[in-house]
Amino acid sequence: MEYENQYQHVPAAKYEWLLFDVDDTLYPLSSGLSKACTNNIEEFMIQKLGIEGNKVSEINRVLYKNYGTSMAGLRAVGYNFDYDEYHSFVHGRLPYENLKPDPVLRSLLLSLPIRKVIFSNGDKVHVAKVLRKLGLEDCFERVISFETLNPTNGSNTSDDEHSFQLRGLSTEILDATNFPCQSALPETPIICKPFENAFGQAFKIANINPQKTLFFDDSIRNIQTGKQIGLHTVLVGTSHRTNGADYALESIHNIREALPELWESDTKKSEGIRYSGKVAIRTSVMA
Ligand SMILES: [Mg+2]
């Protein structure tokens, strides 16, 4: 008790880790990468998986909604493909030139004396490229990407019967505008957000205590799972807080404004950071 009284003006750090999604979180939706990514996925579905062109948008929407990523959904309903080929097709032609160095965010991140970890469903090449384009490649101590949670040991595809049987069901499943209920969903072999096992593995790999972690993501579903398993959560991309989100930031640039307590233990360091509300909400990304 003596200890607590003596140091009551310096409470134990509320957060020891900051966990960040990448796409549409560290840069805004207006960059156009997300839209281009969706187009590329639909092109992959037509060209490589033979899905009819007039159905891909709806199928992709349903799979994305139910599985967190289109890739996880496609694998769940029985499509088999090489993960590296998928990633290079889908991410290889993205307009990365739209992403510009973001010195404001870089200063904000570097001024935070808290461990920072990336947790993305994207593949490692894509994540590295985005971080490099934004000038943030040295701001994080660890990157958890698709490959971290889905190591392939050189073989990306499997020809298991389970997968083949599901493929026979896929038309029926995919023709539905919505899956009847979550329990009826075929399982995906891919480990990704928003599924709890992805979070659990990420915590283990990065040695993270969720109760001491603030999680930033633009996906409501990811935020909701995160909240359920003990993370403190920040929904990015909107100022409207929804269920599961402890905070909501229209832009990651507003992080200091919305979460002043992050800097409280290190006020002196943060004094060197030039910041204003105006700068904070300005996007450094060319739309
Ligand atoms: Mg995202």
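J.: Explain the overall build of the chain residue by residue, including any values.
T.: Within the chain one finds 15 helices and six strands. A total of 287 residues make up the chain; the buried ones form 37% of that total. Residue pairs at least 24 apart in sequence account for 68% of intrachain contacts in the chain once pairs closer than 6 positions are excluded.

J.: I'd like a rundown of helix α5 (residues 83-91), residues and numbers included.
T.: An α-helix turns once every 3.6 residues. As a result, residues three or four positions apart point the same way. The set of residues buried in α5 consists of Tyr86, Val90 and His91. Relative to the axis of α5, the buried residues are bounded by an arc of 100 degrees and lie together on one face. Where α5 is buried, its residues meet α2 (33-47), α4 (70-76) and α7 (124-134).

J.: So what's going on with the nonpolar core? Residues and values would help.
T.: Grouped together as the largest cluster of nonpolar side chains are 68 residues, with contacts concentrated most on Leu19, Phe20, Leu26, Val117, Ile118 and Val234. If you count residues domain by domain, this core takes at least three from each of domain 1 (1-30 + 98-150 + 191-287) and domain 2 (33-94 + 162-185). Each residue touching leucine 19, except ones within four places of it in the same chain, is listed here: Val117, Phe119, Ile208, Thr213, Phe215 and Phe216.

J.: Explain unusual backbone geometry residue by residue, including any values.
T.: Note the cis peptide between lysine 193 and proline 194, where omega equals 10 degrees. Mapped onto the fold, proline 194 is located in the loop between α9 (161-175) and α10 (196-206). The phi torsion at aspartate 24 lies on the positive side, around 65 degrees, for a residue other than glycine. In this fold, aspartate 24 is placed in the loop between β1 (17-20) and α2. Phi is positive for asparagine 207, which is not a glycine, with a value near 55 degrees.

J.: Before we move on, can you summarise the sheet that holds strand β4 (residues 213-217) with the specific residues and values?
T.: Strand order in the open sheet formed by six strands is β3-β2-β1-β4-β5-β6, and the pairing between neighbours is parallel. Taken across any chain shown, the strands that pair with only one partner, and hence form the sheet edges, are β3 (142-144) and β6 (247-249). Strand after strand, the sheet turns through a mean of 20 degrees between neighbouring axes, direction not considered. Sheet analysis places β1 next to strand β2 (residues 115-119), joined by four bridges and oriented parallel. Pairing of leucine 18 across the sheet is with lysine 116, part of β2. Against the sheet, helix α11 (residues 220-228) engages β4 and β5 (232-236), with an angle of about 175 degrees to β5.

J.: How would you summarise the pairing of β5 if you had to cite specific residues and measurements?
T.: Among the five residues of β5, five are classified as buried, and the element is accordingly described as predominantly covered. Because side chains alternate across β5, one face comprises the buried residues His232, Val234 and Val236, and the other comprises Thr233 and Leu235, equally buried. Both β4 and β5 contribute to a ladder of four bridges, which runs parallel. Among the inter-strand pairings, phenylalanine 215 is bridged to a residue of β5, identified as threonine 233. In terms of handedness, the path from β4 via α11 over to β5 forms a crossover that is right-handed.

J.: Let's hear about the packing of α2 against helix α3 (residues 56-67): which residues, and what values?
T.: The geometry of α2 relative to α3 is characterised by a closest axis approach of 10 Å and an angle of 115 degrees between their N-to-C directions. Judged by the inter-axis angle, α2 sits roughly perpendicular to α3. Of the two elements, α2 crosses α3, and the hand of that crossing is right-handed. Residue-level contacts link Thr38, Ile41, Glu42, Met45 and Ile46 of α2 to Val56, Ser57 and Asn60 of α3. Looking at the contact of α2 with α3 residue by residue, the class counts come to four nonpolar, three polar and one charged.

J.: Got a sec to walk through the environment of valine 143? Specific residues and values, please.
T.: Among the structural elements, valine 143 can be located in strand β3. Assessed through the 20 C-beta atoms surrounding it within 10 Å, valine 143 is described here as buried. Spatially, the C-alpha atoms of valine 143 and aspartate 21 are 10.0 Å apart, while their sequence positions differ by 122 residues. Setting aside its immediate chain neighbours within four residues, valine 143 contacts Ile118, Lys124 and Val127.

J.: An account of the environment of proline 95 is requested, with residue identities and associated values reported.
T.: The residue proline 95 is located in the loop between α5 and α6 (103-111) in this model. Take proline 95: there are 13 C-beta atoms within 10 Å of it, and that puts it in the partly exposed class. Spatially, the C-alpha atom of proline 95 lies 7.5 Å from that of alanine 36, the residues being 59 residues apart in sequence. Not counting chain neighbours up to four residues away, the residues in contact with proline 95 comprise Gly32, Leu33 and Ala36.

J.: Mind laying out the pairing of β4, listing which residues take part and the relevant values?
T.: Of all five residues making up β4, five are buried, and the element is well covered by its neighbours. In β4, alternate side chains face the same way, and those of Thr213, Phe215 and Asp217 on one face and Leu214 and Phe216 on the other are all buried.

About the cut-offs
- Residues numbered from 1 in each chain as written.
- Predicted model: local features only at pLDDT ≥ 70, side-chain atom pairs only at ≥ 80, totals over all residues.
- Helix = DSSP H or I, 4+ residues; strand = E, 2+ residues; numbered from the N terminus.
- Buried ≥ 20, exposed ≤ 12 C-beta atoms within 10 Å, placed from the backbone.
- Contact = placed C-beta atoms within 7 Å.
- Arc of directions from axis to C-beta.
- Core = buried A, V, L, I, M, F, W, Y, C linked by C-beta atoms within 7 Å.
- Domains from an automatic or database assignment.
- Pairing = 2+ DSSP bridges.
- Axes fitted to C-alpha atoms, helices over the stretch in contact; angles between N-to-C directions.
- Right-handed = clockwise from strand over helix to strand, strands pointing away.
- Parallel < 35°, antiparallel > 145°, perpendicular 65-115°, else oblique.
- Left-handed = near helix turned anticlockwise from the far one by under 90°.
- Nonpolar A, V, L, I, M, F, W, Y, C, P; charged D, E, K, R; others polar.

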